Structure formats: structure tokens, C-alpha cells
Amino acid sequence: MRSIRQIVVVALLAGSALAADDALLRNGFSIRHDHRETLPDGRTTRLYITADNKSFVDVPTENIASFEPAPAEPAPPPPQAAAVQIAPKDQSIAEIVRSASDKHLIDEDLIQSVIRAESSFNPKAVSPKGAQGLMQLMPATARNLGVTNAFDSRENVDAGTRYLYELLVKFKFDLIKALAAYNAGPNRVEQYKGVPPYNETRAYVARIIKDFNRKKLAAAAVSANAAKKTQKSSIIKGPAF
């Protein structure tokens, strides 16, 4: 059985530079992938994010409206610039996020993207509606999650990540629905059978996916650069014939 962490990672990779096609979903979003196949149950399409088949996401076939060739992606930012761009303001927050990621099996880049969209990494943030802290927990939600101090970064991130996990379970790991529910509430997602027709919620979901994809593209660029350096080094230091 795949871990929840892997499901979260692959389902949002709509910006992979290696992908060839976009699967256009009926909810208005898309998943970029390298290739695909229909599983034996006949109701599920497996979208392979990478050519080596190691990363994939299973999507109900009925949720896919069509497939289209993916437009050319802009070149990812240079590795050093990307590292600066995706680093949180407070390195202690990175450690807190990593701990919540390990505990609840949610990709830490996704958690950071949610925090950026919710509070811009401000642990003292308070929204006009009363949401508090890094992951902007509403007081009632915080109480239900056992939070005693929503402005305590570790407590807030742990509870927010746990709540995101619960939403993923509730919506059968449909990440777009889970993110929409985090913003607008699960009742609204159930009412509209998907992302509610609220501009705020649609922009919120799109912003998190875009930020998450940018991080993965930057990480891929760093890995590719490191691989090139390793290959070059092995060529230079290889045995003479």
C-alpha cells in the first residue's frame, strides 16, 4: 500500500517538466503526466508523473474530461535562486513542518505551501474571520483538534496537518477537494460536490498547487544539476585506459 505522503506528492505534480500531456479534470484543474494506462478495474486511470513509473496518481476515469498535449514549461529558476525562494522565513518552522510531515505522512512541501497561503509564515496571524496562527485554525476547529494555544507554532502546525489528513481521508484522497474543504469547510465541498464556486476558494486551491509545483520543479532542477556534476566528476576521475 502506498504511503499517504506519496499520494499527496504525486497528485499535485501538475507542473513536471518531464510530462507530455495534461489530464483535464471535470473540476477545472489538470494533472500533467508523462504517460497513462487504464487499470484492470476499468474505472481508474493511472497517470504516471515520471517516465520511470515510480511516481503516479490514480484518478477515477469519470473525473477526467479530456487529455491535451502539455504546453511547453518555462525553464525552472537557477538552483541557488530556487533555494532562496522556497525557504521559509523561520528555519525553526521548517523543523516543525518536518516533524508534522513525519507524524502525519503529508509531504512537507505541501504543508509549507498551505502555510504560505494561509499566513505567509506569520505565527501570530489573525484573519478577519478569527482564524489564528500559521495554518489559520478557526477557534472551533482548534478546540476540536485539542489545541490549547493556536499561536504556538508547533501545536498549530501539528493540528493543521492532522486536520488536512482528516480531510484527505474524508474526500478519499482527492487533494483538490481536501484543500477546498480546508478553506471553505467540508460541508460546502459536499454541497457542491467539489470546489465551491467561490473566487476565494478557487484562487486559494490554485495558489497552493502552483506554489507546490514550483518547489518540486526547483528541487528537480537541483537534483539534475547535482547529477550532472557527479557524472562530470566520474568522467574526469575515471580510470585511464
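Preceding this section is the structure that the text describes.
Residues numbered from 1 in each chain as written. Predicted model: local features only at pLDDT ≥ 70, side-chain atom pairs only at ≥ 80, totals over all residues. Heavy atoms only, no water.

Notes on the nonpolar core
And then number 1: Ranked by internal contacts, the top residues of the largest apolar core, which has 47 residues, are Ile111, Val114, Ile115, Val157, Leu164 and Tyr182.
And then number 2: When residues of this core are traced back to their parent elements, those giving at least two are strand E1 (21–25), strand E5 (56–60), helix H3 (91–104), helix H4 (108–119), helix H6 (153–170), helix H7 (175–184) and helix H9 (199–237).
And then number 3: With seven residues, the single largest contributor to this core is H7.
And then number 4: When neighbours within four sequence positions are excluded, leucine 164 is seen to be in contact with Ile106, Leu110, Val114, Ala178, Leu179 and Tyr182. (Core = buried A, V, L, I, M, F, W, Y, C linked by side-chain atoms within 4.5 Å. Buried < 20%, exposed > 50% of the residue type's maximum accessible area, 1.4 Å probe, protein only. Helix = DSSP H or I, 4+ residues; strand = E, 2+ residues; numbered from the N terminus. Contact = heavy atoms within 4.5 Å.)

Focus: H7
And then number 1: Burial runs high along H7: seven of the 10 residues are buried.
And then number 2: Looking only at H7, the buried set comprises Leu175, Ile176, Ala178, Leu179, Ala180, Ala181 and Tyr182.
And then number 3: Taking the backbone nitrogen of isoleucine 176 as reference, a side-chain oxygen 3.2 Å away marks aspartate 174 as the first, capping residue of H7.
And then number 4: Once H7 finishes, glycine 185 follows within two positions and takes phi at roughly 100 degrees, a positive value. (Polar contact = N/O pair within 3.5 Å; in protein donor to acceptor, adjacent residues only side chain to side chain.)

Considering the packing of H6 against H7
And then number 1: At a closest axis distance of 9 Å, the pairing of H6 and H7 adopts a crossing angle of 130 degrees. In terms of axis orientation, H6 runs oblique to H7. Where H6 crosses over H7, the two elements pack in a sense that is right-handed. Each of Gly160, Tyr163, Leu164, Leu167 and Leu168 in H6 lies in contact with H7, whose residues at this interface are Leu175, Ala178, Leu179, Ala181 and Tyr182.
And then number 2: Among the residues forming the contact of H6 with H7, the class breakdown is nine nonpolar, one polar and no charged. (Axes fitted to C-alpha atoms, helices over the stretch in contact; angles between N-to-C directions. Parallel < 35°, antiparallel > 145°, perpendicular 65-115°, else oblique. Left-handed = near helix turned anticlockwise from the far one by under 90°. Nonpolar A, V, L, I, M, F, W, Y, C, P; charged D, E, K, R; others polar.)

A word on the sheet that holds E5
Consider a sheet: its strands pair through backbone hydrogen bonds, and that pairing is either parallel or antiparallel.
And then number 1: Spatially, the three strands line up as an open sheet ordered E3-E4-E5, and their pairing is antiparallel. Across the chains shown, the open sheet's two edge strands, defined by having one partner strand only, are strand E3 (35–38) and E5. The sheet shows a mean angle of 25 degrees between the axes of neighbouring strands, taken without regard to direction.
And then number 2: Note that strand E4 (residues 44–48) and E5 share five bridges and pair antiparallel. If you follow threonine 44 over to E5, its bridge partner there is proline 60. (Pairing = 2+ DSSP bridges.)

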